[in-house]
Amino acid sequence: MIPLGEGVWVFRPGTVSIATHPVSVTTTDCPGQSATFSVLASAGGGVPTYQWQVSKDGGVTWHDIPTATSASHTISPVTRADAGQYRVIVKNYCEVSPSNAATLAVNPTPTLKGKVFNDNNGNGTQNTVDFPLPNWIICLDTIPTTGSPRYTTTDVNGEYSFCADPGNYTIT
């Protein structure tokens, strides 16, 4: 508190301090992927407020994300349109402090795909005499991050696809 005269005091909060800035994230646009940015900040004795912002032009202009007003911001599901730089503005009563920018890189979905058909002539290539096999269950072996298999079903043309992390897989 700062005295301004007899009986008049002004409360001056401490400075806004960001201890941990957001960290850049690289992901894919595979369904179910998310990205989270977070910050650890104090407002010098007050309660900090947060406003996350995004820049799509390399940090030249920043735009508020209306629903992102906490110490962390999660984007789920991630799409390629979400790629850009993210930062948070931390405020107390008197001060405003932007965090360092973190980049969200969204790579194209790695996809494994194939086709199941009845190979009547045994040549390994689908010909006019070979018809597709719809509604077959296809299993992709263990997912590296979870340790469990993934399944999909062939469509009316006998085709299937999986989003996949880089690695070696067995399809059965």
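Overview of the structure.

1. So, the pattern of salt bridges
Opposite charge on two side chains permits pairing when their charged atoms draw close. Tallying each qualifying case throughout the model produces two salt bridges. One salt bridge connects arginine 80 with aspartate 29, and the closest N-O pair in it is separated by 3.6 Å. On the criterion of sequence distance, the pair formed by arginine 80 in the loop between strand 9 (72–75) and strand 10 (84–91) and aspartate 29 in the loop between strand 4 (25–28) and strand 5 (35–38) is long-range, its members being 51 residues apart. Residue classification places aspartate 29 among the partly exposed residues on the basis of a relative accessible area of 22%. Note that lysine 115 is salt-bridged to glutamate 159, the shortest N-O span being 3.9 Å. Of this pair, lysine 115 sits in strand 13 (residues 111–115) while glutamate 159 sits in strand 16 (residues 159–163), and the two are 44 residues apart along the sequence. Relative accessible area serves as the criterion here: at 36%, lysine 115 is assigned to the partly exposed category.

2. Here we look at the environment of alanine 71
Here alanine 71 is to be found in the loop between strand 8 (63–64) and strand 9. On the basis of relative accessible area, alanine 71 is assigned to the partly exposed category, the value being 27%. If sequence neighbours within four positions are ignored, alanine 71 has contacts with Phe37, Ser38, Val39, Tyr50 and Trp52.

3. Regarding the nonpolar core
Side chains of a nonpolar character, in soluble globular proteins, are inclined to be buried together. Phe37, Trp52, Tyr86, Val90 and Leu104 are the most contacted members of the largest nonpolar core, which has 20 residues in total. Counting residues in hydrophobic clusters, the runner-up holds six residues, among them Val116, Ile138, Leu140 and Tyr160.

4. With respect to unusual backbone geometry
At the junction of serine 76 and proline 77, the peptide bond is cis and its omega measures out at -5° in the coordinates. Mapped onto the elements of the fold, proline 77 is located in the loop between strand 9 and strand 10. We note that asparagine 135 has phi near 65°; this positive angle belongs to a residue other than glycine. Within the fold, asparagine 135 resides in the loop between strand 13 and strand 14 (137–140). Look at asparagine 135 and you get exposed, because its relative accessible area is 62%.

5. Observations concerning the packing of aromatic side chains
Under the criterion given, the structure shown has two aromatic pairs. An angle of 35° between the planes, with centres 6.5 Å apart, marks the rings of phenylalanine 37 and tryptophan 52 as tilted. Placement of phenylalanine 37 in strand 5 and of tryptophan 52 in strand 7 (residues 49–55) is noted, with a sequence separation of 15 residues between them. Grouping residues by exposure puts phenylalanine 37 and tryptophan 52 together as buried. On the numbers, 5.0 Å between centres and 20° between planes, the contact of phenylalanine 37 with tyrosine 86 is stacked. Of the two residues, phenylalanine 37 is situated in strand 5 and tyrosine 86 in strand 10; the sequence distance between them amounts to 49 residues.

Thresholds applied
- Residues numbered from 1 in each chain as written.
- Predicted model: local features only at pLDDT ≥ 70, side-chain atom pairs only at ≥ 80, totals over all residues.
- Heavy atoms only, no water.
- Salt bridge = Lys/Arg side-chain N within 4 Å of Asp/Glu carboxyl O.
- Helix = DSSP H or I, 4+ residues; strand = E, 2+ residues; numbered from the N terminus.
- Buried < 20%, exposed > 50% of the residue type's maximum accessible area, 1.4 Å probe, protein only.
- Contact = heavy atoms within 4.5 Å.
- Core = buried A, V, L, I, M, F, W, Y, C linked by side-chain atoms within 4.5 Å.
- Phe/Tyr/Trp six-rings, centres within 6.5 Å; stacked < 30°, edge-to-face > 60°.

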